[in-house]
Amino acid sequence: MFAVPPAPRAVNILCCLCGLSIPPNPTGTCATCLASSTDVSRGISTEATLHQCRGCQRWHGGGGKWRGCDLESRELMAICLSNVSGLGGRGAG
């Protein structure tokens, strides 16, 4: 008869910062410690200035063009995001 090898057990490690038992990962830290020690917004501006015409209520969309947009619209969100430096050219992964 053949001997059946024991089933592999899940191996855990301790988080290098707080000591919580976690599955192994490349950083060796738990999700809470990783989130508190990593700045995902590094290199991205956290402030931007948008200009709105007092007369016609249009928004300055860059390139010398003024665009009429409703508040909370997709068009205004696009203008807002285009004014944030550091977002362009960032690849996922």
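Report follows, based on the coordinates.

What counts and how
- Within every chain, residues take consecutive numbers counted from 1 along the sequence as written.
- With the structure being a predicted model, the display of local features is reserved for residues of pLDDT at least 70 and the display and counting of side-chain atom pairs for 80 or more, all residues being used for whole-chain, interface and lining totals.
- With hydrogens and water stripped out, all remaining heavy atoms of the structure feed into the side-chain values.
- Counting from the N terminus, the helices are the DSSP runs of H or I reaching at least four residues and the strands are the DSSP runs of E reaching at least two.
- For every residue, the accessible area (1.4 Å probe, protein chains only) is compared with the maximum for its type, and the residue is labelled buried under 20%, exposed over 50%, or partly exposed between those bounds.
- Pairing of N or O atoms within 3.5 Å defines a polar contact, subject to two protein rules: one partner must be a possible hydrogen donor and the other a possible acceptor, and residues neighboring in sequence count only if both atoms are side-chain atoms.
- In this analysis, two residues are considered to be in contact whenever any of their non-hydrogen atoms come within 4.5 Å of each other.
- The rule for a disulfide is simple: a pair of cysteine sulfur atoms within 2.5 Å.
- Each patch is built from salt-bridge-free residues with over 30% relative accessible area, joining like charges within 9 Å and nonpolar side chains (Val, Leu, Ile, Met, Phe, Trp, Tyr) within 5 Å.
- Areas reported here follow the Shrake-Rupley algorithm with a probe of radius 1.4 Å; residue values treat only the protein chains shown as occluding.
- Definition used for salt bridges: Asp or Glu carboxyl oxygen within 4 Å of a side-chain nitrogen of Lys or Arg.

## Quick notes on the side chain of T29
Here T29 lies in the loop between β2 (21-22) and α1 (31-37). Judged by its relative accessible area of 9%, T29 falls in the buried class. Here T27 takes part through its side chain, which lies 3.0 Å from a polar atom of the side chain of T29. If we ignore the near neighbours within four places in the chain, the residues touching T29 are C15, C16, L17, I22 and L34.

## Some words on unusual backbone geometry
Within the chain, Q57 stands out as a residue other than glycine whose phi angle is a positive 65°. Examined against the element boundaries, Q57 turns out to sit in the loop between α1 and β3 (59-60). The class of Q57 is partly exposed, set by a relative accessible area of 43%.

## Thoughts on the side chain of S73
One can find S73 in the loop between β4 (66-67) and α2 (74-82). A polar side-chain atom of S73 sits 3.2 Å from the main-chain amide nitrogen of L76.

## What to know about the state of the cysteines
All told, the structure shown has 0 disulfides when counted by the stated rule. No disulfide involves C56; its sulfur sits 3.5 Å from that of C53, the nearest cysteine.

## Digging into a nonpolar patch on the surface
Side chains of M77, L81 and L87 sit close together on the surface and give an oily, nonpolar patch of about 270 Å² of accessible area. Mapping L81 onto the fold places it in helix α2. Judged by relative accessible area, L81 falls into the partly exposed class, the value being 44%.

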